[in-house]
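Report on the structure
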Amino acid sequence: MPSADFPLLCPVCSDPLDLLEPNTGTQPRLACAAGHHFDAARQGYFNLLVGKGTSFEADSAAMVQSRVNFLGGGHYRPLAQAVASAVVPNLPGTGAVVLDSGTGTGHYLREILDAATADGRHVAAIGLDISKFALRRAARLNPEAVNMVCDIWQPLPVATGSVDAVTVVFAPRNPAEFARVLRPAGVLVVVTPRRGHLAEVAAVTGMLGIEEGKDERLAEAMAGHFDLESARDVDIPLELTRAAAADLAFMGPAGHHLNLGQIEARLDGVPEPVTAGAKFRLLVFRPGKRGTA
């Protein structure tokens, strides 16, 4: 279970949330002085959705299983290492806090935590996602983190100026909230797919392509909150079994409009290995003057 040192806010009243140690036979609890409380689910995550919840479609249990299968095969390990390399050198030696927004199964956060430990840094970690099925996996993989169901388009349940690094890997972005929670010397690491990403698999399986103007929209959204410090491309050549290619397609947005069986049928007869190129862009941002005002 995570320690109690987390800069969390109540989603109801914005008072500080304390992580309470469980009694025998009980689950951990997040509670504020006003009496609002959130008990951990049996699987170890907290649900901080309040009011009407969210209108966004969360990844299903089947999609999450495909993600676990694919990432567990190490296919995206070079990307995870690149993310950790962008984050860890920017963390203080003690008292560091990392927020992984859209943490999914916690795969990339795990790489950061392991790299930080190897570098002698103590890190408190917060993982946010909209999918309870993903967070069940994240809580198992990263038990030292606080993993929470949260809509990132709402105010984040994290204190202002309390986070050293925010990571967003293939997830929606809320620049104003990221700028609010980051410390002035903090860093925002964003990973997006580039044009041509997995084009070979997409052509067969019906995966969604990269939208026109995606980079321009990202730059526009960040303007006024962040300054771009660096950008690098990460390319990973893939040689996959048909089963791994099906998991790859199903774990992403295609999983919201195709089932795994439909994707597997489209791959039936495709020669193995299924080759494809994963094309990513890793961007490092710093809070801009207006973003820290």
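Position numbers for residues count from 1 along each chain, tracking the sequence in the order it is written. Only residues with pLDDT of 70 or above have their local features reported here, since the model is predicted, and side-chain atom pairs are shown and tallied only from 80 upward, although totals for entire chains, interfaces and linings are computed over all residues. Think of the side-chain values as coming from all heavy atoms in the structure, minus any hydrogens and water.

Quick look at helix H3 (residues 107-118)
Taking 1.5 Å of rise per residue, twelve residues should cover 16 Å, and H3 covers 17 Å from first to last C-alpha, within 8% of that figure. Three exposure classes are used, based on accessible area relative to the maximum for each residue type with a 1.4 Å probe and protein chains only: buried under 20%, partly exposed in between, and exposed over 50%. Numbering goes from the N terminus for both helices and strands, where a helix is a DSSP run of H or I of at least four residues and a strand is a run of E of at least two. Burial in H3 covers these residues: His-107, Tyr-108, Leu-109, Arg-110, Glu-111, Ile-112, Leu-113 and Ala-116. Whether two residues are in contact is decided by their heavy atoms: any pair within 4.5 Å suffices. Where H3 is buried, its residues contact helix H1 (61-72), helix H2 (77-87), strand S6 (96-101), strand S7 (123-129), helix H4 (132-141) and strand S9 (163-169). In the stretch just after H3, Gly-120 is the one whose phi turns positive, near 80°. Here, expected helix span is obtained from the residue count minus one, scaled by 1.5 Å.

Some words on unusual backbone geometry
With the exception of glycine, the majority of residues adopt a negative phi angle, and the majority of peptide bonds are in the trans configuration. Across the junction of Glu-272 and Pro-273, the peptide omega takes the value -5°, indicating a cis bond. Mapped onto the fold, Pro-273 is located in the loop between helix H9 (260-267) and strand S12 (274-287). Even without being glycine, Ser-14 reaches a positive phi, approximately 70°. Along the polypeptide, Ser-14 turns up in the loop between strand S1 (8-9) and strand S2 (16-20). In this structure Ser-14 comes out as partly exposed when scored by relative accessible area, which is 49%. Although it is not a glycine, Phe-170 sits at a positive phi angle of roughly 55°. For Phe-170, a relative accessible area of 38% gives the class partly exposed.

Quick look at the pairing of S9
Counting buried positions along S9 gives seven out of seven residues, so the element sits mostly inside the fold. Bridge count between S6 and S9: three bridges; the pairing is parallel. Of the residues in S9, the one forming a bridge with Leu-99 is Val-166. Handedness of the crossover is the feature at issue here: the chain leaves S9, passes through helix H5 (residues 175-181), returns alongside strand S10 (residues 182-193), and the resulting connection is right-handed. Paired strands, in this sense, are two strands between which DSSP finds at least two bridges. Clockwise travel from the first strand over the helix to the second, with the strands pointing away from the viewer, marks a crossover as right-handed.

Details of the nonpolar core
Core analysis: the largest hydrophobic core is formed by 54 residues, its most contacted members being Tyr-76 and Leu-238. Counting residues per element, this core draws most heavily on H2, at seven residues. Once residues within four sequence positions are removed from consideration, Leu-238 is found in contact with Phe-70, His-75, Tyr-76, Leu-198, Leu-248, Val-274, Thr-275, Ala-276 and Ala-278. Only buried Ala, Val, Leu, Ile, Met, Phe, Trp, Tyr and Cys residues count toward a nonpolar core, and they belong to the same one when joined by side-chain atoms within 4.5 Å. Residues Phe-38, Val-97, Ala-124 and Met-148 belong to the second largest nonpolar core, which totals 37 residues.

A short note on the packing of H2 against H3
For helices, the axis comes from a line fit to the C-alpha atoms of the stretch in contact; other axes are also lines fit to C-alpha atoms, and the angle between any two N-to-C directions lies between 0 and 180 degrees. Here H2 crosses H3 at 50°, and the two axes come no closer than 9 Å. Our classification of the angle between H2 and H3 gives oblique. Considering how the two elements wind past one another, H2 and H3 form a crossing that is right-handed. Residues Arg-77, Leu-79, Ala-80, Gln-81, Val-83, Ala-84 and Val-87 of H2 pack against His-107, Tyr-108, Glu-111, Ile-112 and Ala-115 of H3. Residue type decides the class: Asp, Glu, Lys and Arg count as charged, Ala, Val, Leu, Ile, Met, Phe, Trp, Tyr, Cys and Pro as nonpolar, and the leftover types, Gly among them, as polar. By residue class, the composition of the contact of H2 with H3 is eight nonpolar, two polar and two charged. What sets the label is the angle itself: under 35 degrees gives roughly parallel, over 145 gives roughly antiparallel, 65 to 115 gives roughly perpendicular, and the rest give oblique. Take the far helix as the reference: if the near one is turned anticlockwise from it by less than a right angle, the crossing is left-handed, and if turned clockwise, right-handed.

Some details on the environment of Pro-155
Mapped onto the elements of the fold, Pro-155 is located in the loop between strand S8 (146-149) and S9. Measuring from C-alpha to C-alpha, the distance between Pro-155 and Gly-261 comes to 38 Å, with 106 residues separating the pair along the chain.

A few points about the sheet that holds strand S3 (residues 29-31)
Taken in spatial order, the four strands of this open sheet run S1-S2-S3-S4, and their pairing is antiparallel. Whereas interior strands pair on both sides, the edge strands pair on one side only; in this sheet they are S1 and strand S4 (37-39). Pairing geometry for S1 and S2, over two bridges, is antiparallel. The partner of Leu-8 across the bridge, within S2, is Leu-17.

Some remarks on the sheet that holds S7
Strands sit in the order S5-S8-S7-S6-S9-S10-S12-S11 across an open sheet of eight strands; the sheet is mixed. With partners counted over all chains shown, the strands left at the sheet margins are strand S5 (46-47) and strand S11 (226-240), one partner each. Bridge count between S7 and S8: four bridges; the pairing is parallel. Looking at S8, one finds that Ile-126 is bridged to Val-146. Of the strands in this sheet, S7 and S8 touch H4, which is tilted by about 175° from S8. Those strands touched by helix H8 (residues 242-250) are S11 and S12, and its axis lies near 150° from that of S11.

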